[in-house]
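So you can see what is in the structure, the chains are spelled out below.
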Amino acid sequence: MPRIQAASVAEHHARQRRALLDAARALLAETEQAPSMAAIGRHAGLARSSVYQYFASAEDLLAAVVADVFPTWAGQVLERVAAAPTPGTRIWAYVVANVDLFASSEQAVARALSRMVEPRVLQGPMEEFHAQLQGPLRQALTEFGEPEPETMAELIDSLIVRASQDVGATARTQARKTADITLARLRRLLGPYLGLGPQD
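Note that the coordinates shown come from a computational prediction; the quantities given were computed from them, not determined experimentally. Note that residues are indexed from 1 along each chain, following the sequence as it is written. Given that the model is predicted, a residue must reach a pLDDT of at least 70 before its local features are reported, and side-chain atom pairs must reach 80 or more before they are shown or counted; all residues, however, enter totals for whole chains, interfaces and linings. Remark: hydrogens and water are excluded; side-chain values derive from all non-hydrogen atoms of the structure.

**Considering helix 7 (residues 119–144)**
So, step 1. Secondary structure elements follow DSSP: runs of H or I no shorter than four residues count as helices, runs of E no shorter than two count as strands, and numbering proceeds from the N terminus. Each helix should span, by expectation, one fewer than its residue count multiplied by 1.5 Å. Given a rise of 1.5 Å per residue, 26 residues ought to cover 38 Å, and the 36 Å separating the end C-alpha atoms of helix 7 matches this to within 8%.
So, step 2. Each residue is assigned to one of three classes by its accessible area relative to the maximum for its type, calculated with a 1.4 Å probe on protein chains only: buried under 20%, partly exposed between the two thresholds, exposed over 50%. Buried within helix 7 are the following residues: Leu-122, Phe-129, Leu-133, Gln-134, Leu-137, Ala-140 and Leu-141.
So, step 3. Contact between two residues is taken to exist if any of their heavy atoms lie within 4.5 Å; hydrogens are not considered. Turning to helix 7, the residues buried within the fold contact helix 4 (58–83), helix 5 (87–103), helix 6 (106–116), helix 8 (149–163) and helix 10 (175–194).
So, step 4. Within two residues after helix 7, Gly-145 carries a phi angle of roughly 100°, on the positive side.

Here's what the structure looks like:
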């Protein structure tokens, strides 16, 4: 029996499960291919048989990754939005955080999951992700004085997705440079509307 290195069996199991999810995510980011249970186990430092104690199949594990990553991504964006001091800078922080996600290794994870996971598994987490982000964005737009916050929020999201297509298609080594170019374009477009100064 493996040695338990935690305060309780439940905490041990939670740590092992976390290690497997992190391993799967790292392999998806690295290869954009479906990792085998054995590869995930090796990456997490566990035997292949141990992986099956936590996940019944590779499909089950990938579904758990989906359920795990979308709240993480939303949290990364919302943390940066909440840290901005004014409605205008919160809106801009939302733009920057989303473009940064496109430029990160998480984009490779998103591409891989979109190919490997059934749409029905992706739909719920994606809708929740969108709802989590839209609420604070619409609130910032309302406080900014925007008369149509819902419409404007959808337009901003569309701009981010369209402007970031080049980022997602760029080689990983060039993604940060492409993201900076994308942000410069979006700032030229949205900066006057948001009243952004040079240091915002």
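From this point, the narrative continues.
**Quick word on the layout of surface pockets**
So, step 1. Grid points spaced at 1 Å and placed over the protein atoms alone form the basis of the search, with a cavity being a set where a 1.4 Å probe fits but cannot get out and a pocket an open set showing protein on both sides within 12 Å along at least five of seven lines. Lining residues have an atom within 4 Å of a point. Grid points are joined across faces, edges and corners, and a volume is the space filled by probe spheres set on the points. Put simply, the largest pocket is a space of about 570 Å³.
So, step 2. Lining the largest pocket are 22 residues, with Phe-70, Trp-73, Phe-102, Met-126 and Phe-129 positioned closest to its centre.
So, step 3. Looking at the lining of the largest pocket, the elements with two or more residues in it are helix 4, helix 5, helix 6, helix 7 and helix 8.
So, step 4. Ranked by the residues each element gives to the lining of the largest pocket, the list is headed by helix 6, at six residues.
So, step 5. Charged means Asp, Glu, Lys or Arg here, nonpolar means Ala, Val, Leu, Ile, Met, Phe, Trp, Tyr, Cys or Pro, and polar covers whatever is left, Gly included. When grouped by side-chain class, the residues that make up the lining of the largest pocket number 13 nonpolar, five polar and four charged.

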